[in-house]
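Here are the chains, one letter per residue:
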Amino acid sequence: MDYKEKANLLKVRNTVIEMLHDRLYDIDDETANVDIDQFVAMYDNENINFTVADKIHIYFYIENKSFGKKDLTTIYSKVKTEVGDAIRLMIIINGKCIESIRNELNNLEYQNVEIFTQDQLRFNITKNYLVPKHILLDEEEKHKIHKKYNTNSNDVFQKIHKNDPVAQYYAMKKDDMCKIIRSSPSSGICVSYRVVVL
């Protein structure tokens, strides 16, 4: 991998750090603030994977081949052995993620596994001016919204698919609710709520 490719991989890593920060993970400065020279040294020493607060492990799959089910099983087993099975696992792959792998993630065994491509993380999607602000609501806030709209059902709210890039960014799960705030020329600010579906 040449210097330019390593610099692009560092951009991906920086987006991952921003994502983890937005998910409210406590990231130490040594992990968060890595410059290009440090990253190149880490890459050359095969030391670019990292764990944050013993809660999530970030694994960069940088092989020059397609990522398959066997790779998923191998990485999952390795991380489970080294770090523990209660930890979340985020795998960053350099190619496309085939649909069969996405389907595999629906298995209960892989409920704590996320897969992103490097292309998805070359920039932070939440910083794009066309993407409205999304706020993941906790159970108490979700209950207040149901009460406000006098319903116990999620069916009255708009839907957002769990594979939506923003839903993936915030690790939203089925039946989670998010508040979406967007600018409106007529009313100034428009607030809506969406429920995550599979």
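Look up: the structure comes first, before these words.
Scope of this entry: the structure provided in the associated data block.

Side note on the environment of Lys-69
Line of reasoning, step 1. Summarising the element assignment, Lys-69 is placed in helix H4 (residues 69-83).
Line of reasoning, step 2. C-alpha of Lys-69 to C-alpha of Arg-102: the two residues are 33 residues apart in sequence and 9.9 Å apart in space.
Line of reasoning, step 3. With near-sequence residues (within four places) excluded, Lys-69 lies in contact with Ile-101 and Glu-104.

Some details on the pairing of strand S7 (residues 177-184)
Line of reasoning, step 1. Of the pairings in the sheet, the one linking strand S5 (residues 133-136) to S7 comprises four bridges and is antiparallel in character. By the bridge assignment for S7, His-134 is matched with Ile-180.
Line of reasoning, step 2. One ladder, built from eight bridges, connects S7 with strand S8 (residues 188-197); its direction is antiparallel. Bridge assignment links Lys-179 to a residue of S8, and that residue is Tyr-193.
Line of reasoning, step 3. Connecting S7 to the antiparallel partner S8 that follows it, the hairpin turn spans three residues.

Regarding the sheet that holds S5
To summarise the sheet geometry, strands pair through backbone hydrogen bonds and adopt either a parallel or an antiparallel arrangement.
Line of reasoning, step 1. The four strands are arranged S5-S7-S8-S6 in an open sheet whose pairing can be described as mixed. Strands at the two margins of the open sheet, each flanked by one partner only, are S5 and strand S6 (158-161). Averaged over all adjacent pairs, the angle separating strand axes in this sheet is 35 degrees, with direction ignored.
Line of reasoning, step 2. Each of S5, S7 and S8 is contacted by helix H6 (residues 139-148), which is oriented at about 65 degrees to S7, the strand it contacts most.

Focus on the packing of aromatic side chains
Line of reasoning, step 1. Within this structure, the stated rule accounts for five aromatic pairs.
Line of reasoning, step 2. For the ring pair Tyr-61 and Phe-67, a centre distance of 5.0 Å and an interplane angle of 80 degrees mean the geometry is edge-to-face.
Line of reasoning, step 3. Taking the relative accessible area as the measure of exposure, Tyr-61 reaches 4% and is therefore buried.
Line of reasoning, step 4. Given the relative accessible area of 4%, Phe-67 is considered buried.
Line of reasoning, step 5. Ring centres 5.8 Å apart and planes at 90 degrees place the aromatic pair Tyr-149 and Phe-157 in the edge-to-face group.
Line of reasoning, step 6. A residue is classified by how much of its surface remains accessible, and Tyr-149, at 43% relative accessible area, is partly exposed.
Line of reasoning, step 7. By way of ring pairs, the aromatic residues Tyr-149, Phe-157 and Tyr-193 are connected into one cluster.
Line of reasoning, step 8. A cation sits over an aromatic face here: Arg-13 above Phe-50, 4.6 Å from the ring centre.

So, the pairing of strand S4 (residues 113-117)
Line of reasoning, step 1. The element S4 is extensively covered by neighbouring structure, given that five of its five residues are classed as buried.
Line of reasoning, step 2. Of the two faces of S4, the one carrying Val-113, Ile-115 and Thr-117 and the one carrying Glu-114 and Phe-116 are both buried.
Line of reasoning, step 3. Here five bridges tie strand S3 (residues 88-93) to S4, and the two strands are oriented parallel to one another. Residue pairing in the sheet places Leu-89 in a bridge with Val-113 of S4.

A closer look at a negative patch on the surface
Line of reasoning, step 1. A contiguous patch of negative charge on the surface is contributed by Asp-26, Asp-28, Asp-29 and Glu-30.
Line of reasoning, step 2. Within the secondary structure, Asp-29 sits in helix H2 (residues 29-32).

Section: the side chain of His-146
Line of reasoning, step 1. Examined against the element boundaries, His-146 turns out to sit in helix H6.
Line of reasoning, step 2. Its relative accessible area of 10% is what places His-146 among the buried residues.
Line of reasoning, step 3. Within polar-contact distance, the side chain of His-146 engages the side chain of Asn-154 at 2.9 Å.
Line of reasoning, step 4. Not counting residues within four places of it along the chain, the set of residues in contact with His-146 comprises Thr-151, Asn-152, Ser-153, Asn-154, Phe-157 and Met-177.

So, how was this worked out
- Residues numbered from 1 in each chain as written.
- Predicted model: local features only at pLDDT ≥ 70, side-chain atom pairs only at ≥ 80, totals over all residues.
- Heavy atoms only, no water.
- Helix = DSSP H or I, 4+ residues; strand = E, 2+ residues; numbered from the N terminus.
- Contact = heavy atoms within 4.5 Å.
- Pairing = 2+ DSSP bridges.
- Axes fitted to C-alpha atoms, helices over the stretch in contact; angles between N-to-C directions.
- Phe/Tyr/Trp six-rings, centres within 6.5 Å; stacked < 30°, edge-to-face > 60°.
- Buried < 20%, exposed > 50% of the residue type's maximum accessible area, 1.4 Å probe, protein only.
- Lys NZ or Arg CZ within 6 Å of the ring centre and 35° of its normal.
- Patch = residues over 30% accessible without salt bridge, like charges linked within 9 Å, V, L, I, M, F, W, Y side chains within 5 Å.
- Areas by Shrake-Rupley, 256 points an atom, 1.4 Å probe, with all protein chains shown as cover.
- Salt bridge = Lys/Arg side-chain N within 4 Å of Asp/Glu carboxyl O.
- Lys, Arg positive; Asp, Glu negative; His and termini not counted.
- Charge placed at Lys NZ, Arg CZ, Asp CG, Glu CD.
- Polar contact = N/O pair within 3.5 Å; in protein donor to acceptor, adjacent residues only side chain to side chain.

Take it as geometry only, folks, not as evidence of what the structure does.
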